[in-house]
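Residue-level structural notes
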Amino acid sequence: MSVIGKRLKQARVNSGLSQEALGLEAGLEAESASTRMNRYEVGARAPTLELMERVAKVLDVPVSYFYETDNTIAELLLTVGKLSKAERIKVLEAAKKAVKQ
């Protein structure tokens, strides 16, 4: 399973959506939504960035989450993605300070 497929399945399951429902909400045709999402999850097909941007919006996760190979960074992306812009700036500043120490 590709990193995109793994992250896609994890985010979809966490959202409670079926493959078909996610595909439909992301703008795929009803006849192929479930099959296409399944193929993306198992790595049989590679989704376009445009589709992943729509999927990310439906699932309310940063699109970069789907491409991150490091699990810790992927979790950080999910967590920080839920924060307000002001909170993200504070987290970024704290991280920069921690790196300098």
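Anyway, here's the lowdown on the structure attached to this text. What you are looking at is a predicted structure, and each value in this text was computed from that prediction instead of being measured.

Once that is clear, we can look at the overall build of the chain. Along the backbone of the chain there are 6 helices and 0 strands. Expressed along its principal axes, the backbone C-alpha trace of the chain runs to roughly 55 × 25 × 20 Å. At a minimum sequence separation of 6, the contacts of the chain that also span at least 24 residues come to 47%. Looking at the chain, you have 16 positive and 13 negative side-chain charges, and the mean spots of the two groups are 6 Å apart.

What follows concerns the pattern of salt bridges. Under the counting rule described, the total for this entry stands at 3 salt bridges. When the shortest N-O distance is used, the salt bridge between Arg 12 and Glu 41 registers 2.4 Å. Here Arg 12 is found in helix α1 (residues 3-15), whereas its partner Glu 41 is found in helix α3 (residues 33-42), with 29 residues between them in sequence. For Glu 41, a relative accessible area of 3% translates into the label buried.

With that settled, consider the nonpolar core. The nonpolar side chains of a soluble globular protein tend to be buried with one another. In terms of nonpolar packing, the biggest core is built from 20 residues, with Leu 8, Val 55, Leu 59 and Phe 66 touching the most fellow members. Going through the elements one at a time, α1, α3, α4 (49-59) and α5 (71-81) are the ones with two or more residues in this core. The leading source of residues in this core is α4, at 5 residues.

Judged by relative accessible area, which is 10%, Arg 12 ranks as buried. Excluding anything up to four places from it in sequence, Arg 12 contacts Leu 17, Ser 18, Gln 19, Leu 22, Glu 41 and Leu 59.

Running from N to C, α1 and α3 point in directions that differ by 125 degrees, and their axes come no closer than 6 Å. Classified by the angle their axes make, α1 and α3 are oblique. Here Gly 5, Lys 6, Leu 8, Lys 9 and Arg 12 of α1 lie close against α3, whose contacting residues are Met 37, Tyr 40 and Glu 41. Considering only residue class, the contact of α1 with α3 consists of 3 nonpolar, 1 polar and 4 charged.

Turning next to the packing of α1 against α4. Following both chains from N to C, one finds α1 and α4 inclined at 30 degrees, their axes separated by 10 Å at the closest point. The orientation of α1 with respect to α4, classified from their angle, is roughly parallel. In terms of crossing hand, the pair formed by α1 and α4 is left-handed. Mapping the contact onto sequence places Ile 4, Leu 8, Ala 11, Arg 12 and Ser 15 in α1 and Met 52, Val 55 and Leu 59 in α4. Its residues assigned to classes, the contact of α1 with α4 comprises 6 nonpolar, 1 polar and 1 charged.

Reading the values: rules and limits
Per-chain numbering applies: the sequence of each chain, read as written, is numbered from 1 onward. Under the rules for a predicted model, residues below a pLDDT of 70 receive no local features and side-chain atom pairs below 80 are neither given nor counted, while totals for whole chains, interfaces and linings still include all residues. Only hydrogens and water are removed before side-chain values are computed, so all heavy atoms of the structure are retained for them. The helix and strand labels rest on DSSP assignments: H or I over at least four residues marks a helix, E over at least two residues marks a strand, and numbering proceeds from the N terminus. Throughout, a contact is declared for two residues whenever any of their heavy atoms are within 4.5 Å. By the counting scheme adopted, Arg and Lys are positive, Glu and Asp are negative, and His together with the chain ends is not counted. Taken as the charge centre is NZ of Lys, CZ of Arg, CG of Asp or CD of Glu, depending on the residue. Each salt bridge in this description consists of a side-chain nitrogen of Lys or Arg and a carboxyl oxygen of Asp or Glu lying within 4 Å of one another. Categorising residues by exposure relies on relative accessible area from a 1.4 Å probe, with only protein chains included: less than 20% of the type maximum marks a residue as buried, more than 50% marks it as exposed, and the intermediate range marks it as partly exposed. To define a nonpolar core, start from buried Ala, Val, Leu, Ile, Met, Phe, Trp, Tyr and Cys residues and group those joined through side-chain atoms within 4.5 Å. Note on method: axes are straight lines fitted to C-alpha atoms, helices fitted across the in-contact stretch only, with angles between N-to-C directions ranging 0 to 180 degrees. When describing relative orientation, an angle under 35 degrees is termed roughly parallel and one over 145 degrees roughly antiparallel, while 65 to 115 degrees is termed roughly perpendicular and anything else oblique. Each residue is assigned to one of three groups, with Ala, Val, Leu, Ile, Met, Phe, Trp, Tyr, Cys and Pro labelled nonpolar, Asp, Glu, Lys and Arg labelled charged, and all others, Gly among them, labelled polar. Take the far helix as the reference: if the near one is turned anticlockwise from it by less than a right angle, the crossing is left-handed, and if turned clockwise, right-handed.

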